[in-house]
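Spelled out, the chains give:
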Amino acid sequence: MKTKILITLAAGKTGFATTLNLLEQGYAVKAFVRSKSYKALELEENGAELAIGTFDDENALRNALNDVESVYYCYPYKAGLDKDIRLFIRLAIEAKIKTVVFMGQRIAEFADTESRLTNDVREAYKLLEASGLNVIYFAPGYFADNVFVISEQVLQLGIMPNMFKNGKNPWISIPDMALCISSLLMNPEKYHGKKLFPTGSQSLSSKDIATIFSKVKGSKILIFNIPEWLFLKAGLMTGKEYGFHSFAIIQAALYNKQMQMDRFNIEPTTIVKELTGKDPDDFETITREYFSKSKYAQRNFKTWFTAFVRFNIMPFYPIPSRAKRNLINSNT
């Protein structure tokens, strides 16, 4: 009899895809979501059992952990992991959870990162290692998905703002990560206690990405570096469109610094192949998928002009006081 699996942040990127994968494989899945959003309802329609709550809600989390054997623990982009992981560990021990797949970060391997979330991930590693739980640490680098927040500029204006300078990263797709996580939840024993660094097929710089964008779009994409202040303003202006609030934007700005130091640049690993039986998606394949589905794919004067105006007002976008407070507290 197949076990029941709990997926936290199930309406998120990797959580949503992992839940669907497991349901397709015939597993009973409980989806831990904050609310009955359209994505949560889609999971329910596909057979998932919804568990509503937040990571700091003891009763909701206890109920979610009831009658499951394995958990994918993926924390949202917000402060509080250092506290909420303690609650999870206590309740997971109480519920006798057999396996936890924990979404970590490749960049957490460095002790001097500034990101509050990365520091919390590093602390979570220590707490999980001391807990006695069977934990698999899944630690990718930058998701390929994050590159496509500039799709409007690329597809409408033919330009590629670059916040990474010359840093490289082996960009990994959401579907590949979800397949890996699903595999680990279905057959975990071999990987208990291990830290895995899944990657895409090749480590690429922004120049490499611009070349691929040009090939897929069929016209030259011009690349230019942007300063941190402009990235922050652009992110705060457009972040809601991609589900990012100010804390997440600020963490991304700090990750960009690590990219500029080339700390994400590692040789591609064989983790995806080992866990899924397939080679990881190459970046051109990922790009064709995103561009074909982008709402900015069709270009006309109206869409071009809208993109032109939005891009040119970004430097003048005010940073709200709440975002300023997050910026101050982002690494403390």
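Everything quoted here is computed from the prediction, not taken from an experiment.

1. Quick notes on the environment of Lys96
Here is step 1 of the chain: Tracing the backbone through its elements, the reader meets Lys96 in the loop between helix 4 (81–94) and strand 5 (99–103).
Here is step 2 of the chain: A residue is classified by how much of its surface remains accessible, and Lys96, at 69% relative accessible area, is exposed.

2. A short note on the side chain of Thr18
Here is step 1 of the chain: Looking at where Thr18 falls in the secondary structure, it is placed in helix 1 (residues 13–24).
Here is step 2 of the chain: What makes Thr18 buried here is its relative accessible area of 0%.
Here is step 3 of the chain: Leave out the neighbours within four places in its chain, and Thr18 touches Ile7, Ala178, Ile181, Ser182 and Leu185.

3. Some points on the pairing of strand 3 (residues 49–52)
Here is step 1 of the chain: As paired elements, strand 2 (residues 28–33) and strand 3 share 4 bridges and run parallel to each other. Bridged to Ala31 within strand 3 is Leu50.
Here is step 2 of the chain: Each parallel crossover has a hand, and the one from strand 2 via helix 2 (residues 38–45) to strand 3 is right-handed.

4. Thoughts on helix 5 (residues 116–129)
Here is step 1 of the chain: Between its terminal C-alpha atoms helix 5 stretches 20 Å, which fits the 20 Å expected from 14 residues at 1.5 Å a residue.
Here is step 2 of the chain: All of the buried residues in helix 5 are Arg116, Leu117, Thr118, Asp120, Val121, Arg122, Ala124, Tyr125 and Leu128.
Here is step 3 of the chain: One side-chain oxygen at the N-terminal end of helix 5 lies 3.2 Å from the backbone nitrogen of Leu117; it belongs to Ser115.

5. Some details on the environment of Phe244
Here is step 1 of the chain: Topologically, Phe244 is positioned in the loop between helix 9 (228–238) and helix 10 (246–260).
Here is step 2 of the chain: Residue classification places Phe244 among the buried positions, given a relative accessible area of 17%.
Here is step 3 of the chain: Sequence separation between Phe244 and Ala144 is 100 residues, and the spatial gap between their C-alpha atoms is 16 Å.
Here is step 4 of the chain: Residues in contact with Phe244, not counting those within four places in the same chain, are Lys13, Asn146, Val149, Gly239 and Ile249.

How each quantity is defined
Residues numbered from 1 in each chain as written. Predicted model: local features only at pLDDT ≥ 70, side-chain atom pairs only at ≥ 80, totals over all residues. Heavy atoms only, no water. Helix = DSSP H or I, 4+ residues; strand = E, 2+ residues; numbered from the N terminus. Buried < 20%, exposed > 50% of the residue type's maximum accessible area, 1.4 Å probe, protein only. Contact = heavy atoms within 4.5 Å. Pairing = 2+ DSSP bridges. Right-handed = clockwise from strand over helix to strand, strands pointing away. Expected span 1.5 Å × (residues − 1). Polar contact = N/O pair within 3.5 Å; in protein donor to acceptor, adjacent residues only side chain to side chain.

Read these as geometric descriptors, not functional statements.
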